[in-house]
Amino acid sequence: EYSIPAVQTGYIPSVRLTIYDILGREIAVLVNEKQSPGYYRINFDASSLPSGIYIYRIIATGRASNFTAVKKMILLK
């Protein structure tokens, strides 16, 4: 789950949500589109991946500012 805040009236930011393995290889791009302000939920099917530590990065690119967050997650099967 993530949210896009309303920063600038009438502007829709570009959002990219990407999953990487611990070596930095791109595993999946879950979102790569413009999204209006609001709350979103993404289902990530990791059934083909082995257990381990993965990194996700969300980038929201706006007209006046950019936002980037990087977090780690643990996949246990």
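Let me sum up the structure you'll find in this document. Because the structure is a prediction, the values reported are computed rather than measured.

Quick notes on the nonpolar core
Part 1 of the argument: Among the nonpolar cores identified, the biggest contains eight residues, and these are Y2, I4, V15, L17, V31, I58, A60 and A69.
Part 2 of the argument: Sorting the residues of this core by element identifies strand 1 (2–4), strand 2 (14–21) and strand 5 (52–61) as the ones contributing at least two each.
Part 3 of the argument: Once residues lying within four places of it in the same chain are set aside, the contact partners of V15 are Y2, I4, V31, N32, E33, Q35, I58, I59 and A60.
Part 4 of the argument: Ranked by size, the runner-up nonpolar core spans six residues in total, among them I19, A28, A46 and L75.

Brief notes about a nonpolar patch on the surface
Part 1 of the argument: Judged by side-chain polarity, I22, L23, I53, I74 and L76 come together as a nonpolar surface patch covering roughly 580 Å² of accessible area.
Part 2 of the argument: Residue placement: I22 occurs in the loop between strand 2 and strand 3 (26–34).

Here we look at the sheet that holds strand 5
Part 1 of the argument: Pairing is antiparallel in the open sheet, where four strands are placed in the order 3-2-5-6. Each of the sheet's edge strands pairs with one partner strand only, and the pair in question is strand 3 and strand 6 (66–75). In this sheet, neighbouring strand axes are inclined to one another by 15° on average, regardless of whether the strands run parallel or antiparallel.
Part 2 of the argument: Relative to strand 6, strand 5 runs antiparallel, the two sharing ten bridges. The partner of I59 across the bridge, within strand 6, is T68.

As for the environment of S65
Part 1 of the argument: Structurally, S65 can be placed in the loop between strand 5 and strand 6.
Part 2 of the argument: Judged by relative accessible area, which is 42%, S65 ranks as partly exposed.

Quick notes on the environment of V15
Part 1 of the argument: Secondary-structure assignment places V15 in strand 2.
Part 2 of the argument: As a C-alpha pair, V15 and Q35 span 20 residues in sequence and 6.6 Å in three-dimensional space.

Conventions and cut-offs
Residues numbered from 1 in each chain as written. Predicted model: local features only at pLDDT ≥ 70, side-chain atom pairs only at ≥ 80, totals over all residues. Heavy atoms only, no water. Core = buried A, V, L, I, M, F, W, Y, C linked by side-chain atoms within 4.5 Å. Buried < 20%, exposed > 50% of the residue type's maximum accessible area, 1.4 Å probe, protein only. Helix = DSSP H or I, 4+ residues; strand = E, 2+ residues; numbered from the N terminus. Contact = heavy atoms within 4.5 Å. Patch = residues over 30% accessible without salt bridge, like charges linked within 9 Å, V, L, I, M, F, W, Y side chains within 5 Å. Areas by Shrake-Rupley, 256 points an atom, 1.4 Å probe, with all protein chains shown as cover. Salt bridge = Lys/Arg side-chain N within 4 Å of Asp/Glu carboxyl O. Pairing = 2+ DSSP bridges. Axes fitted to C-alpha atoms, helices over the stretch in contact; angles between N-to-C directions.

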